[in-house]
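Residue strings, one per chain:
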Amino acid sequence: MRKITAFIFDLDGVITDTSEFHYQAWQRLADEEGIPFSRAENEKLRGVSRRESLNLMLKGRVISEETAQAWMERKNRYYIDLVKTLDPSGVLPGVKTLLTDLKAAGLLAAIASSSKNAPLVIEKLALGSYFDAIVDGLIVTKSKPAPDLFLRAAQELGSPAAECVVVEDAAAGIDAGKAAGMLTIGLGPQERIGHADLPLPDLSQTHLSDLLKQLQTK
Ligand code: BG6
Ligand code: MG
């Protein structure tokens with residue numbers, strides 16, 4: 001049976017619905033600049049860095065480096081305005097129960113997020129005390145699907161990668177978790193996270209004991 005000592009959570013779209021805020025901020029920028037963009041296209045932006053998101057939104061359009069920087073700053077301003085509205089009620093259903101059960105079971109918990117705004121989001125949700133390590137886009141610049149964020153989190157926890165479970169809502173995040181040699185729980189529609197070891201619609205109906213039972217046989 002596989003030994004599991006830690007859970008490493010993505011932030012945006014797993015702990016809270018800030019993936020919707022990222023989408024709204026990119027959509028606003030795209031609309032202002034007359035670039036066709038849609039919610040469906042935004043699915044590809046989940047989990048990837050700000051720069052890579054801009055590249056995906058541009059779909060091959062060429063802009064100067066100065067414009068690229070200005071657009072990323074503008075998107076980030078729109079995003080932060082939305083994050084400012086967050087409070088502890090923004091924690092998604094099932095998350096607090098799972099974090100509490102992990103602690104009670106003596107398992108470790110970390111955040112591994114591509115976002116440079118992760119500290120602000122965690123502060124708004126008042127969740128800091130639930131995590132033994134927080135790794136974000138300010139600490140590790142190589143974003144998902146690279147395994148770096150998850151490997152750094154495992155290192156900070158002192159858990160071998162093979163004993164870690166990644167919880168992700170993004171296709172790029174599942175790829176990153178697998179590349180790190182970790183077990184993966186995917187949250188969301190099959191077409192996005194169907195390649196996870198354990199795909200689930202969300203965390204609202206999950207119990208730690210059931211998750212462990214299902215994962216330990218993988
Ligand atoms: C990820 C989000 O967590 O962070 C992406 O899923 C986002 O949508 C990425 O682009 C980088 O975030 P930020 O806040 O540094 O622009
Ligand atoms: Mg995410």
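Look up: the structure comes first, before these words.
Now for a quick tour of the structure. Keep in mind that this is a model prediction, so the values were computed, not measured.

## A closer look at the site of ligand 1
Then, number 1: Surrounding ligand 1, one finds 14 residues, the nearest of these being D12, R50, S115, K116 and N117.
Then, number 2: One of the side-chain nitrogen or oxygen atoms of R50 is found 2.7 Å away from an oxygen atom of ligand 1.
Then, number 3: Look at ligand 1: alone it shows 390 Å² of surface, and the protein chains cover 97% of it.
Then, number 4: Placement of ligand 1 is best described as lying within the largest pocket.
Then, number 5: For the shell around ligand 1, the class distribution of residues is two nonpolar, eight polar and four charged.
Then, number 6: Taken together, domain 1 (6-17 + 88-215) and domain 2 (19-83) each give at least three residues to the shell around ligand 1, which thus spans both.

## Remarks on the pattern of salt bridges
Then, number 1: A complete count under the given rule lists 14 salt bridges for this structure.
Then, number 2: The salt bridge partner of R74 is E32, with a shortest N-O separation of 2.5 Å. Residue R74 is found in helix α4 (residues 65-83), and its partner E32 is found in helix α1 (residues 18-33); the two are separated by 42 residues along the sequence.
Then, number 3: By relative accessible area, which is 39% here, E32 ends up partly exposed.
Then, number 4: Linking E33 and R74 is a salt bridge whose minimum nitrogen-to-oxygen distance equals 2.5 Å.

## Thoughts on the layout of surface pockets
Then, number 1: The space that makes up the largest pocket amounts to roughly 510 Å³.
Then, number 2: In terms of lining, the largest pocket is formed by 30 residues, of which the most central are H22, V48, S49, R50 and S115.
Then, number 3: Mapped onto the lining of the largest pocket, the elements with two or more residues apiece are α1, α3 (50-58) and α4.
Then, number 4: Of the residues forming the lining of the largest pocket, the biggest block, five residues, is contributed by α4.
Then, number 5: Residues belonging to the lining of the largest pocket are distributed by class as follows: six nonpolar, 15 polar and nine charged.
Then, number 6: Reported here for the second largest pocket is a volume of approximately 200 Å³.
Then, number 7: Looking at the second largest pocket, it is lined by 14 residues, and the ones nearest its centre are G13, D17, L92, P201 and D202.
Then, number 8: When grouped by side-chain class, the residues that make up the lining of the second largest pocket number six nonpolar, four polar and four charged.

## Remarks on the packing of aromatic side chains
Then, number 1: Taken as a whole, this structure holds three aromatic pairs when the rule is applied.
Then, number 2: Between F7 and F9, the ring centres sit 6.3 Å apart and the planes meet at 35°, which makes this aromatic pair tilted.
Then, number 3: Overall, the relative accessible area of 0% leaves F7 in the buried class.
Then, number 4: Residue classification places F9 among the buried positions, given a relative accessible area of 1%.
Then, number 5: Chaining the aromatic ring pairs together yields one cluster made of F7, F9 and F131.
Then, number 6: One cation-aromatic arrangement involves R28 over Y78; the distance from NZ or CZ to the ring centre is 3.7 Å.
Then, number 7: Note that K75 overlies the ring of Y79, its terminal NZ or CZ placed 4.9 Å from the centroid.

The rules we used
Residues numbered from 1 in each chain as written. Chains lettered and ligands numbered in written order. Predicted model: local features only at pLDDT ≥ 70, side-chain atom pairs only at ≥ 80, totals over all residues. Heavy atoms only, no water. Near = heavy atom within 4 Å. Polar contact = N/O pair within 3.5 Å; in protein donor to acceptor, adjacent residues only side chain to side chain. Areas by Shrake-Rupley, 256 points an atom, 1.4 Å probe, with all protein chains shown as cover. 1 Å grid on protein atoms, 1.4 Å probe; cavity = no way out; pocket = protein on both sides within 12 Å on 5 of 7 lines; lining within 4 Å. Sits in = over half its atoms within 2 Å of the grid points. Nonpolar A, V, L, I, M, F, W, Y, C, P; charged D, E, K, R; others polar. Domains from an automatic or database assignment. Salt bridge = Lys/Arg side-chain N within 4 Å of Asp/Glu carboxyl O. Helix = DSSP H or I, 4+ residues; strand = E, 2+ residues; numbered from the N terminus. Buried < 20%, exposed > 50% of the residue type's maximum accessible area, 1.4 Å probe, protein only. Points joined across faces, edges and corners; volume = space filled by probe spheres on them. Phe/Tyr/Trp six-rings, centres within 6.5 Å; stacked < 30°, edge-to-face > 60°. Lys NZ or Arg CZ within 6 Å of the ring centre and 35° of its normal.

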